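Single-letter residue listing:
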Amino acid sequence: MKWIVLGTWIGAVLFAHFRGRVRLPLGRQLLDHSIILAPINAFMVLTSRVPTTPYIPNETMPELKLLEDNWETIRDEALHLASLREIKAPELHNDIGFNSFFKYGWKRFYLKWYDAKHPSAVALCPKTVALLNQIPSVKAAMFAELPPGGQLNPHRDPFAGSLRYHLGLATPNDDLCYIDVDGIRHSWRDGKGVIFDETYVHDAYNKSQQNRIILFCDVERPLKWRWAEWFNHWFGKIAMSAASSPNAETDQTGFVNKLTHYHWVIDQKRRAFKKANRTAYKATKFGLIALAIVLFIVW
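Residues numbered from 1 in each chain as written. Predicted model: local features only at pLDDT ≥ 70, side-chain atom pairs only at ≥ 80, totals over all residues. Heavy atoms only, no water.

**Q** What exactly am I supposed to notice about the sheet that holds strand β3 (residues 138–146) here?
**A** Backbone hydrogen bonds are what pair the strands of a sheet, in a parallel or an antiparallel way. The strand order across the open sheet formed by six strands is β1-β8-β5-β10-β3-β2, and the pairing between neighbours is antiparallel. In this open sheet, the two strands that pair with only one neighbour each are β1 (55–56) and β2 (107–113). As defined by bridge partners, β2 adjoins β3 across six bridges and the pair is classed as antiparallel. What sits directly across from R108, in β3, is A144. (Pairing = 2+ DSSP bridges. Helix = DSSP H or I, 4+ residues; strand = E, 2+ residues; numbered from the N terminus.)

Okay, here's the thing in structure tokens:
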């Protein structure tokens with residue numbers, strides 16, 4: 001049984017790694033956080049009711065047109081938040097999903113995160129929250145800001161049970177501000193939405209001289225079978241809610257993010273070790289992987 005489990009997990013990791021044209025280095029892929037959910041992600045992709053291409057036609061999810069039709073209303077609330085400097089990095093290291101993004105200037109304000117409560121969003125962005133609540137398939141949403149010179153390095157998101165939707169609100173409207181998904185480039189434009197699969201390797205850059213603010217949503221992936229959709233909905237509710245991060249003290253902090261500060265402390269020590277002796281770092285990293293495999297085999 002354990003060999004079936006190990007073989008399934010390794011197969012799912014390799015399925016994700018070779019799925020796109022753009023790949024992370026295999027060594028990094030084996031330690032990337034996305035491998036934790038690799039078997040679940042493979043199941044989500046293989047049972048997807050929508051195309052499994054890097055970009056998905058907007059017509060596939062017509063319910064999102066409500067957001068595009070009301071983009072100016074959403075933009076006005078986003079710009080008001082920006083003027084209050086409420087679109088920001090967290091004061092604590094309690095946003096495990098995006099901790100690595102903040103050092104490059106990326107900022108966010110949560111509007112919705114699965115079943116977690118964000119009273120700050122209801123108070124400051126009532127019209128946007130009301131629009132989002134009319135679309136049950138939108139499980140998470142935020143305003144995301146990328147300043148001039150900002151970037152997001154190549155990465156995969158960890159959960160294939162959702163698709164990513166970006167709606168341009170206050171963008172440079174310039175090809176110098178863009179996202180690459182599996183090597184295919186998209187430049188944001190005000191009032192225009194795009195849907196993509198965030199489990200492909202993607203990165204983003206703002207090489208313009210203007211700020212970029214978008215509406216960023218996670219939309220539940222439609223699956224072929226109702227029981228599979230039930231599982232996707234249940235898993236997202238349980239696992240993803242645990243990663244909720246607050247905008248303010250009134251908001252809910254998920255269980256995972258309550259532990260994230262300790263993860264951050266350990267990660268700083270890991271980075272210092274890597275910087276001090278890269279050879280020893282790599283030897284230790286792959287040694288631990290080998291040890292884990294041996295322990296699994298012995299068990």
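**Q** Looking at this structure, how should I read the pattern of salt bridges?
**A** A side chain with one charge may pair with a side chain of the opposite charge, provided their charged atoms come close. Applying the stated criterion across every chain yields a total of 12 salt bridges. Between D69 and K65 there is a salt bridge whose closest N-O contact spans 2.9 Å. With D69 and K65 both in helix α4 (residues 65–69) and four residues apart, this pair spans about one turn of that helix. Residue classification places K65 among the exposed positions, given a relative accessible area of 53%. Across the pair E86 and K88 runs a salt bridge whose closest N-O atoms are separated by 4.0 Å. The class for E86 is partly exposed, based on a relative accessible area of 24%. (Salt bridge = Lys/Arg side-chain N within 4 Å of Asp/Glu carboxyl O. Buried < 20%, exposed > 50% of the residue type's maximum accessible area, 1.4 Å probe, protein only.)

**Q** Help me understand a nonpolar patch on the surface, please; the structure alone is not making it clear to me.
**A** There is a patch of nonpolar side chains on the surface, built from W9, I10, L14, F18 and L26 and spanning about 440 Å² of accessible area. By residue number, the principal contributor to the nonpolar patch is helix α1 (residues 2–18), which donates four residues. (Patch = residues over 30% accessible without salt bridge, like charges linked within 9 Å, V, L, I, M, F, W, Y side chains within 5 Å. Areas by Shrake-Rupley, 256 points an atom, 1.4 Å probe, with all protein chains shown as cover.)

**Q** I tried to follow α1 on my own but got confused; where do I start?
**A** For an α-helix, 3.6 residues make a turn, and residues three or four places apart therefore share a direction. Given a rise of 1.5 Å per residue, 17 residues ought to cover 24 Å, and the 24 Å separating the end C-alpha atoms of α1 matches this to within 8%. If you check which residues of α1 are buried, you get L6, A12, V13 and H17. The arc enclosing the buried residues of α1, seen along the axis, measures out at 140°, which places them on a common side. Among the exposed residues of α1, those pointing more than 90 degrees away from its buried face are W3 and I4. (Expected span 1.5 Å × (residues − 1). Arc of directions from axis to C-beta.)

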